[in-house]
Amino acid sequence: MGAYSQEPTQIMSTPTKPTPGPQAKPANASGGPGEHHPFGGSTLTPCDECPGYESRSGTNPAAEQGTRLHEYLETGDESLIKDDFEEHLVEYAQLEVGKLTKAYDMQKGEVYKELMLPLEMGIHSNFGTCDLVIVAETFGLVIDYKMGVHGVPHPKDNLQAWDYVCGVFQKFEGVHEIVFSFVCPKRSEVSTHIFYRADLPEMLTRIKGVIRTAMRVRRQFHARKLSQASIKLLNCQSRRCEYCKNLGSCPAVGENLDEDAKMVPLDDVLAINERLKKAPLYEDYIKAVKDHSKQLVFEMGEELPDYTVETRAGKRSITDVSGAWVEAREADVDVIDFLTIIKTVPVGAFEKLFKGKEATRTAMMHLAESDGVSHGAETSYLKRRAKK
């Protein structure tokens with residue numbers, strides 16, 4: 001690779017067997033490869049901000065990229081890197097890990113990649129998988145990669161960092177001091193904090209409190225019976241809500257929508273600007289409400305007082321164009337009349353019919369000269385400014 005990999009480090013060595021430590025058996029999860037605990041480290045901060053938060057399933061290109069880059073940093077498989085930018089990101093991560101390893105004199109420490117860390121807290125036990133742990137006698141270096149563009153809270157205030165640190169303290173009983181670092185390549189940021197074993201009881205108490213509250217509120221969401229006390233704890237934030245499984249049934253989002261629906265002067269630029277920022281959240285909320293309603297009726301057999309179930313025939317379309325032409329030709333339909341009902345042909349599909357760029361270019365040029373190619377009207381739209 002390029003310039004960032006010029007400083008060698010010890011962190012690519014094969015991990016040795018971890019020293020024995022408490023092996024918590026988290027409730028409702030086995031902790032197998034690739035599994036995530038419902039209240040694992042990455043979920044704690046969102047649940048602390050809003051105990052009703054529950055991550056919904058699904059993926060996106062950014063998440064898939066992050067998964068590949070994490071896997072590369074674990075395995076070194078270069079087939080996972082798709083372009084120069086991704087190469088730059090992993091090289092940045094490796095360089096910063098090398099700096100941290102050297103700064104804290106951990107070159108000879110025992111290295112553990114993708115280390116599963118059970119955290120024993122009774123019925124509130126969980127587990128998480130930390131990207132990199134290096135242990136040398138009484139000292140530990142814990143590193144987690146963040147491949148997104150958004151910032152993350154500093155480790156001293158970050159419950160995911162606390163969760164991993166507590167897990168390392170429990171797993172390695174001889175460790176008394178841990179340096180935790182978030183390495184964020186897309187932001188060119190590294191944030192670091194030092195934790196001590198004496199911090200462990202306070203951190204465990206805080207983590208258990210967050211999980212206890214989130215478990216109670218989540219059970220009520222699933223039972224569709226939220227108490228007034230739980231409703232008061234809900235915190236509608238567009239940054240979290242759009243990824244929440246409970247979006248469509250959340251009263252906090254509904255209350256915010258009702259409040260924002262009040263009329264404001266059309267020349268109040270700042271108010272309109274703030275509402276426009278929330279629009280994607282409310283669009284997601286309305287879609288989630290519709291999906292939830294369909295689930296209640298069609299999957300759970302419930303009835304909605306103001307709605308009935310109706311059925312309409314699906315729109316018909318002919319997919320066999322050549323077969324349609326055979327039938328039309330036998331009925332003496334003029335070829336021009338037949339072609340006029342096929343109103344548009346996708347340019348991309350049309351171009352694939354030709355062999356070679358020159359033939360394609362010639363055909364498109366002839367069509368353009370005879371006004372046979374239309375261009376959609378240019379449209380303007382508002383794009384959210386990137387956060388600085």
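We now turn to the structure provided with this report. (Residues numbered from 1 in each chain as written. Predicted model: local features only at pLDDT ≥ 70, side-chain atom pairs only at ≥ 80, totals over all residues. Heavy atoms only, no water.)

With respect to the sheet that holds strand S1 (residues 110-119)
No. 1: The strand order across the open sheet formed by five strands is S1-S2-S3-S4-S5, and the pairing between neighbours is mixed. A strand with exactly one partner marks an edge of an open sheet, and here the two such strands are S1 and strand S5 (189-196). Neighbour-to-neighbour, the strand axes of this sheet turn through a mean angle of 30°, independent of strand direction.
No. 2: For strand S3 (residues 139-145) and strand S4 (residues 177-184), the ladder comprises seven bridges, and the chain directions are parallel. Each bridged residue has a counterpart across the sheet, and for Asp144 the counterpart in S4 is Phe182. (Pairing = 2+ DSSP bridges. Helix = DSSP H or I, 4+ residues; strand = E, 2+ residues; numbered from the N terminus. Axes fitted to C-alpha atoms, helices over the stretch in contact; angles between N-to-C directions.)

Focus on the side chain of Thr45
No. 1: Assignment of secondary structure puts Thr45 in helix H1 (residues 41-49).
No. 2: Contacts of Thr45, omitting those with residues within four sequence positions, involve Pro153, Asn158, Leu159, Gln160 and Arg240. (Contact = heavy atoms within 4.5 Å.)

Quick notes on the pattern of salt bridges
Pairing is possible between side chains that carry opposite charge, provided their charged atoms lie close to one another.
No. 1: For the structure on display, the rule yields twelve salt bridges.
No. 2: We note a salt bridge from Asp48 to Arg206, for which the minimum N-O separation is 2.6 Å. Of this pair, Asp48 sits in helix H1 while Arg206 sits in helix H5 (residues 200-223), and the two are 158 residues apart along the sequence.
No. 3: Of the residues examined, Arg206 reaches a relative accessible area of 35% and is grouped as partly exposed.
No. 4: A salt bridge links Lys156 to Asp157; the shortest N-O distance between them is 2.9 Å.
No. 5: Note on Asp157: relative accessible area 49%, which makes it partly exposed.
No. 6: Where salt bridges share partners, they join Glu54, Arg218 and Lys245 into one cluster. (Salt bridge = Lys/Arg side-chain N within 4 Å of Asp/Glu carboxyl O. Buried < 20%, exposed > 50% of the residue type's maximum accessible area, 1.4 Å probe, protein only.)

Describing the pairing of S3
No. 1: Where burial is concerned, most of S3 is hidden: seven out of the seven residues are buried.
No. 2: By the alternation rule, side chains of S3 split into Phe139, Leu141, Ile143 and Tyr145 and Gly140, Val142 and Asp144, which are all buried.
No. 3: Where strand S2 (residues 126-136) meets S3, five bridges bridge the pair, whose relative direction is antiparallel. Residue pairing across strands places Ala136 opposite Phe139, the latter belonging to S3.
No. 4: Two successive antiparallel strands, S2 and S3, enclose a turn made up of two residues, where Glu137 displays a positive phi of approximately 55°.
No. 5: Tracing the backbone out of S3, into helix H4 (residues 159-171) and back to the parallel element S4 gives a crossover that is right-handed. (Right-handed = clockwise from strand over helix to strand, strands pointing away.)

Focus: the nonpolar core
No. 1: One finds Val133, Val142, Phe169, Phe180 and Ile207 to be the most contacted residues of the largest nonpolar core, which totals 36 residues.
No. 2: Looking at this core, the elements with two or more residues in it are H1, S1, S2, H4, S4 and H5.
No. 3: Per element, the largest residue contribution to this core is eight residues, and it comes from H4.
No. 4: Excluding anything up to four places from it in sequence, Ile207 contacts Leu44, Leu119, Met121, Trp162, Asp163 and Cys166. (Core = buried A, V, L, I, M, F, W, Y, C linked by side-chain atoms within 4.5 Å.)

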